[in-house]
Each structure stands twice: as C-alpha cells, then as structure tokens.
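# Commentary on secondary and tertiary structure
Residues per chain are reported as follows:
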Amino acid sequence: MAAPRDTTRPGGAGFPRLDPLGSDGLLVGFGDRLSEAANRAALAFRAAADTALPGVAESSTSLASVYLRYDPSATGLADMRAAVEALLAQRDWYGADLPPGRRLIRIPTVFGTDLAPQLAEAAEAAGLTPDAAIRSIAETRVRVQTIGFAPGQPYLGELPPAWDIPRQSRLTERIPVGALTVAIRQLVLFSVSTPTGWRHVGQTAFRAFRPDSDTPFVLRAGDEVEFVPVPADMLDGLCDQGPDGGAAFEPLP
Amino acid sequence: MSALRVLRAGPGVTVQDMGRPGYLGFGLSRGGAADRLALSEGAALLGQDTDLAALEMAGFGGVFEAMQDLRIALSGAPMSASIDGTRIAWNASHALPQGARLEIGGVTAGCYGYLHVGGGFDTPIRLGSRAAHLAAGLGTPVAAGQILSVGVDPKPDRVGLCLDPDPRFEGGRVRLLAGPQTRLFSSDELARFLSDPFRRDTRGNRMGVRLIPSDAPYASQAGLSVLSEVVVPGDVQITGDGTPFVLMTECQTTGGYPRIGTVLAADLPRVAQAPAGATLRFEFAETETASRIEAAEARRIATLRNRLRRLIRDPAEIRDLLSYQLISGAIAGNEPG
C-alpha cells in the first residue's frame, strides 16, 4: 500500500511530514529511508528549531527525522505545528550544509580475533574475505549520522553497498563497551554494554559515553570517523591511555 | 546529615526521581520513576517537592534502619510494611524514629512501590539527576550495607496523613494517541488491536512492558523495514515476533520497530503497575481529547495535597501509646496557629 517513491523530491513523496508523537511532541520526518540529503535536512532543521522555535523544550534527531518536545501548558499542538510548517517553508533543508565545528576522529581498532568474534561471519554475509572486509571498513571514512539508542552512541555511515547486510535474527547476549558492529551499511560503536542484533567486527578502547567527565557525550552528529586497524595485543595499552583509547581528533574545515 | 541504613534490599530497589529531561539528543532517555504519579503522591504526603528522590522497589522492598529521626511516606504498589514489627498503612506518612527498623515486604498488588523520606534522598547527582538509569550504566541497585544520605526535612513533625491512591494496580483501560506509524497498520489490524484483551507478560521492566495478544501476532504493512526514529515512553512497538511492547521510562531513544500509537502520560502509571497476567485494553483518543485529559491530570497532580486525610490509627497498634498527648483538653484549644 506504500506509495511509490517520488524520486524528484529528496525525501520522497509526502516529505517533509509532520506527525504528533505523544501528547507533547511532534515528529518531523524528512524521508522514509536513509539518504545523505534527508540526514543533512534533519541535522540542519533541528539546529534551526532549537533557536527559532521558542516553544521547544527538547529536541533530538534520528537518521532522517527530528523530534520536538514542547510544553503543552504553554504551547498548543496547532500553534506548534504552524510554527514548524513556517520554519520548514523558509528554505531547502535537504540542501543544507553539515553542522559547523565538525571533527575527524581516528580510532585504533582491533578487527576480528577473540576480541571481535563476528568479523568472519559479517565478511561472508558481505561476500568479502576477512582481509578485504577489514580494508573496506578501514578505508571508508564514515560520518556520525545520529547519536541514539544508548547515551552518546553513534550510528556511522555509509559503508559500500556490499555491507547492506541484515542484522542477525538472534541477539548477542552482551556486547562490550567500545565494540564496533555492522549491519545495513552502517557501523555502531557501542557506548554501553547491552544485548544487540548487530555483528561484532571490531573492538576499540574508545568510550563514547563518559558520565562523570565535563564532556559526557564525546561524538556529535556530523563528525567523521576512521577506524584504524591495530594488532590485538595493542588493546590493553590503548585502554591504559584513558577514555580516548588512543583516538586522535582533528578539526574538519 | 540524616541517613537511612539499608540492612537488606530486594534486587530491584533503586533511587529514582523525575529523571533527566534534556539528553534525548545525546541518546540518553529521561529515565526516572516508573510510576511518576507515585512520586507526586509521596511528595504530597510529606508536603515537599516532587523532584526529591525516593526509593523505587520493584516487587519487593527490604529492611531499613533510621540513623536519625526521619519521616517516611509509602506510595505506589501496596506492599506489606511494618516499623519495629508493627504493621503500618501504605499510602500514608509515618515517623521513623532513630534506630527504628522499617521492613517492607512483597507487593500485594501492582509492581512498583515507593519509599519516600522527609527531605528526600541526598545521593550524588549525575547529569542533573539522582535517578539510577541502569540501561545507560548510571547508578546501581541499592544493596545491603549502603547508607543513603537524607536531605534536610523542612517539616519533621508532619506525619500521620494518608491519601487514597488512584486505582492502577490491576491493569484496565489504556488510552493512546495515533502517531507517525499508526498508518502502517491496516484497519483490520487496528480494529483487532483495540478489541484485544492483552495480558501483561512476566517479561517487563523499566525499559518496556511486553503484552501477550489473545490470538495471532500483529503485523504491519512495513514489516521490519522501518527506518529508526526517535521513540518515547508510552510508544507501543510491535516487535519482530508481532508482540506489542509498551516502552517505559528507561527505553532506548531510537527504535526501528513499527509503533501503533503512544499511551497517554496520564495512563502510563497503569501500564507500569499492571502485574503479570493482568488484562490491558487499548482505545484511541482524539488529539483534542488527549490534550484535555493530560491537562486535567496535570492539574489533579498539582492539587493532590487537597485530598490528604488524617490517618486514623488503631490505639491498640500504637506501640508507644503512652508517649502521645492523649488529653486534648490540656490546652485551651484557641491558641494561635
């Protein structure tokens, strides 16, 4: 029953789309599948909404949508909807620039071995040898498309088409903090230890959530990341280097 | 500084408050008490702010000892409770003198009971809240041997009040709003959802409550290809096996399962407190109706104090009867305030 996608519009027919989410929220969708344009639109529109819409109590993005929570005792749904529609009409959000202040972060990563036991399985699903799989991930500079699911946890993309592999149907019972996982052309770098359906292909000493530091959430949407292969016996030493786990940060123009 | 010593604690005892709004964009859900209404009721009983921290007890309480004179209040799911062996009323405030031993047993209805202290628990604040958020790795369950600091109590003498709680401990009717993905379900599937007496599964926690359909699993037209979106507490996800899951306070911030609607905040305590096996039924509310319901609930919570009553105590149960001033005529009765 889903309408055929209108390829003349970046998000497809009917986008951007506004829906109530609960009795104090609005979801602004920019597309029903992940695309570079829809992701840029979501990041840019959230930033604008935070400054231009006075009734917003809290905002958040996912891959291609923006959630706006408002205080219903101060702003009604109709007023909020009108304000959002007026802001949407102001410009072409799909053509927006990436947010300012972005950084490139190179994170040392042990691929495979006992530390990341699903590399071979993931490579096979992608039709690659393990070595080719490591090269493919390491040579792709991925971007933080959204932070979500768990505190400070980045969704990174987009990997080459071979990586359009599904999540596993069975859950891994517990994945360690710093685990690099793959599915559907994306990487997730786990910020907490949790069950997951994503395949564990690399292990880092990087802590994306540092609750007692001045910067509890380290990565930001728009940051770019490279996962640099290192031998397994280096991991302990990287852990000793603190929560950055040997990562190097540099500003992007 | 006052404190409460934990002599024993059930496995699901945590410090909770109203949680951490504002971190959704960083992937951290608000968290806080599973039944926020119970926090408001405890605050009303003690005459203090609703943002003070209390102990949330999932299913089973514990044994506690007052290290100084304290006031306590009990709210949420009723549990057996006694002070130094004398049974005390739930949904009421009591004195807990220094050295007294408070024993809280299992729930007699519902899921989450709350222990409040005058002045609130003064445990460390992390990212703006004292609430344990176990899914995010913030805080740990309360355990035997722990000493929980208690803040300054502005009204140390005000005890013996009770409040009739809103019935919400047996399941029942739950109202929800249509959301961004309601359209992914066929009208037949929606109709079946609204007539289904779901039973609450034993699988349920602060992240979500699983519901067992009475018949076939549910299916959406989008299947499992929905792009991950922001999710909020109250969202009813239809998970991979076709079972509805109501997201609760400690849910993840994004999710990819299709959502049939969002439970009104006013009805979420009923879902949180539905015990395993209880029946829950859903009905959609129109946007305008939902706004009115939520606003009325907010007003009602703000005025809970108007519903406080004196707790009538059976003198036979008052262990220190002789220490009470029993002769009201000892004063004239018209002294100023």
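Residues numbered from 1 in each chain as written. Chains lettered and ligands numbered in written order. Predicted model: local features only at pLDDT ≥ 70, side-chain atom pairs only at ≥ 80, totals over all residues. Heavy atoms only, no water.

This paragraph deals with the interface of chain B and chain A. In this assembly, 32 residues from chain B lie in contact with 37 residues from chain A. When chain B packs against chain A, close to 2,900 Å² is buried across both sides, 61% of that on carbon and sulfur atoms. Of all residues in chain B, F26, L227 and V230 of chain B bury the most surface against chain A, accounting for 19% of the area lost on that side. Run the count over chain B and chain A and you get two salt bridges. (Contact = heavy atoms within 4.5 Å. Buried area = accessible area lost by both parts, 1.4 Å probe. Salt bridge = Lys/Arg side-chain N within 4 Å of Asp/Glu carboxyl O.)

The next thing to look at is the confidence of the model for chain B. In low-pLDDT regions, the fine details of the predicted coordinates are not to be read closely. Residues and elements named next belong to chain B. Summarising the model, chain B shows a mean pLDDT of 92, and 91% of its residues fall at 70 or more. Here residues 328–333 scores under 50 on pLDDT; set against residues more than four positions off or in separate chains, the count is one contact. In the model output, the complex is listed with pTM 0.91 alongside ipTM 0.90. (pLDDT = per-residue confidence, 0-100.)

All names here are of chain B. Note that strand β1 (residues 2–9) and strand β11 (residues 147–150) share four bridges and pair antiparallel. Counterpart to S2 in the pairing with β11 is V150. Note that β1 and strand β4 (residues 60–66) share five bridges and pair antiparallel. Within β4, the residue paired with R8 across the bridge is V63. (Pairing = 2+ DSSP bridges. Helix = DSSP H or I, 4+ residues; strand = E, 2+ residues; numbered from the N terminus.)

This brings us to the environment of G95 of chain A. Tracing the backbone shows G95 of chain A in the loop between α2 (77–88) and β5 (103–111). Considering only alpha carbons, one finds G95 of chain A and V28 of chain A, 67 residues apart in sequence, at a separation of 16 Å.

Here we take up the pattern of salt bridges. Evaluated as defined, the whole model comprises 35 salt bridges over all chains. Between E103 of chain B and R101 of chain B there is a salt bridge; the shortest N-O distance is 3.8 Å. Relative accessible area serves as the criterion here: at 33%, E103 of chain B is assigned to the partly exposed category. Judged by relative accessible area, which is 38%, R101 of chain B ranks as partly exposed. Shared partners join several salt bridges into a network, and the residues in it are R102, R106, R141, E224, E226 and E250 of chain A. (Buried < 20%, exposed > 50% of the residue type's maximum accessible area, 1.4 Å probe, protein only.)

Before going further, it helps to examine the sheet that holds strand β3 (residues 56–61) of chain A. All names here are of chain A. The strand order across the open sheet built from four strands is β1-β2-β4-β3, with neighbouring strands paired in antiparallel fashion. A strand with exactly one partner marks an edge of an open sheet, and here the two such strands are β1 (17–20) and β3. The mean inter-strand angle of the sheet, taken between neighbouring strand axes irrespective of direction, is 20 degrees. Pairing geometry for β1 and strand β2 (residues 25–29), over four bridges, is antiparallel. Looking at the pairing, L18 lines up with V28 of β2. (Axes fitted to C-alpha atoms, helices over the stretch in contact; angles between N-to-C directions.)

The next point concerns unusual backbone geometry. All names here are of chain A. Following F15, the chain continues into P16 via a peptide bond in cis, with omega recorded as -5 degrees. By the secondary structure assignment, P16 is in the segment before β1. In this chain, G157 is followed by E158 through a cis amide linkage whose omega measures 5 degrees. One can find E158 in the loop between β7 (154–157) and β8 (172–175). Within the chain, T113 stands out as a residue other than glycine whose phi angle is a positive 60 degrees. For T113, the position within the fold is in the loop between β5 and α3 (119–125).

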